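Structural description and commentary
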Amino acid sequence: MLKKLDAKTFAELEKDWSAQCDKYSEDFADYATPSVDFAREKAGNPPADSYWICSLVGQAEDHMCLMHANAARLPKTEGKTLRIVWILLAPRYDFEDVSTHDFSQITTSLIMDVMEFAKDHDLEHIKIHLGNVVDKRYFSSVAAALAATKHLKEASIKGAWLHLTP
């Protein structure tokens, strides 16, 4: 489930991620410090009603990843678009060897939950920012598989973005 975070729920994410860091003898205060600090600030004080800090929450109520999300009207696009940027995976994914199967489950959950979030907020399009060339290669396969299902009007890679239109 994609969950909007506020100051209180962000503290829950930090408790979860701190415990993950402890398990690997790492200090959470040093884990992705600028990204976590910035997200904490924005969760407690969002700059707009259309801006959210979100977490992908698993069945065990664990926070699998953190992301920034916003809704905007973009040029050359009819309707509003949900943009997902600055995705940060939970510490355990940095400290463990994550199987392809586990990573594909995170990817599937992220895409399905982002699509549900967009639907709940009456957003017609989704753009997920891809952090690097490896992400782009991986998500190119995901986009091709999604496009082949015919359940989406669009599933493609454009530049550094995965574009989805349910």
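In this text the structure is predicted, and so the values were computed from the model without any measurement.

Extensive coverage of strand S7 (residues 161-165) is indicated by the burial of five of its five residues. Residues Trp 161, His 163 and Thr 165 of S7 are buried on one face, and the alternating residues Leu 162 and Leu 164, pointing to the opposite face, are buried as well. Examined bridge by bridge, strand S5 (residues 125-129) and S7 share four bridges and lie antiparallel to one another. Across the sheet, Ile 128 pairs through a bridge with Leu 162, a residue of S7. Strand direction decides the pairing type here: strand S6 (residues 154-158) and S7, joined by five bridges, are antiparallel. Within the sheet, the bridge partner assigned to Lys 158 lies in S7 and is Trp 161.

With the exception of glycine, the majority of residues adopt a negative phi angle, and the majority of peptide bonds are in the trans configuration. Not every positive phi belongs to a glycine, and Glu 61 is a case in point at roughly 65 degrees. Along the chain, Glu 61 falls in the loop between strand S2 (51-57) and strand S3 (63-73). Classification of Glu 61 by relative accessible area gives exposed; the value is 56%. In this model, Lys 150 sits at a positive phi of 65 degrees, which is unusual for a non-glycine residue. You can see Lys 150 is positioned in the loop between helix H5 (133-149) and S6.

Along the chain, Thr 9 turns up in helix H1 (residues 7-23). For Thr 9, the residues in contact, after removing those within four places along its chain, are Lys 3 and Lys 4.

This part covers the packing of aromatic side chains. Counting across every chain of the model gives seven aromatic pairs. Centre to centre, the rings of Trp 52 and Phe 117 are 5.3 Å apart; their planes meet at 80 degrees, and the pair counts as edge-to-face. Here Phe 117 lies in helix H4 (residues 100-120) and Trp 52 lies in strand S2, a separation of 65 residues in the sequence. Members of the aromatic cluster, each reached through a chain of ring pairs, are Trp 17, Tyr 24, Tyr 31 and Phe 95. Lying across the ring of Trp 161, Lys 127 places its NZ or CZ 4.8 Å from the centre.

Residues Asp 22, Glu 26, Asp 27 and Asp 30 make up a contiguous surface patch of negative charge. With respect to the secondary-structure elements, Asp 27 resides in the loop between H1 and helix H2 (33-44).

To continue, consider the sheet that holds strand S1 (residues 2-5). Reading across the sheet, the seven strands line up as S1-S2-S3-S4-S5-S7-S6 and stay open at both edges, with mixed pairing between neighbours. Only two strands of the sheet have a single partner each, and these edge strands are S1 and S6. Between one strand axis and the next, the sheet turns by 25 degrees as a mean value, whatever way the strands run. Bridge analysis of S3 against strand S4 (residues 80-89) gives eight bridges, and the strand direction is antiparallel.

Thresholds, definitions, all that
- Residues numbered from 1 in each chain as written.
- Predicted model: local features only at pLDDT ≥ 70, side-chain atom pairs only at ≥ 80, totals over all residues.
- Heavy atoms only, no water.
- Buried < 20%, exposed > 50% of the residue type's maximum accessible area, 1.4 Å probe, protein only.
- Helix = DSSP H or I, 4+ residues; strand = E, 2+ residues; numbered from the N terminus.
- Pairing = 2+ DSSP bridges.
- Contact = heavy atoms within 4.5 Å.
- Phe/Tyr/Trp six-rings, centres within 6.5 Å; stacked < 30°, edge-to-face > 60°.
- Lys NZ or Arg CZ within 6 Å of the ring centre and 35° of its normal.
- Patch = residues over 30% accessible without salt bridge, like charges linked within 9 Å, V, L, I, M, F, W, Y side chains within 5 Å.
- Areas by Shrake-Rupley, 256 points an atom, 1.4 Å probe, with all protein chains shown as cover.
- Salt bridge = Lys/Arg side-chain N within 4 Å of Asp/Glu carboxyl O.
- Lys, Arg positive; Asp, Glu negative; His and termini not counted.
- Charge placed at Lys NZ, Arg CZ, Asp CG, Glu CD.
- Axes fitted to C-alpha atoms, helices over the stretch in contact; angles between N-to-C directions.

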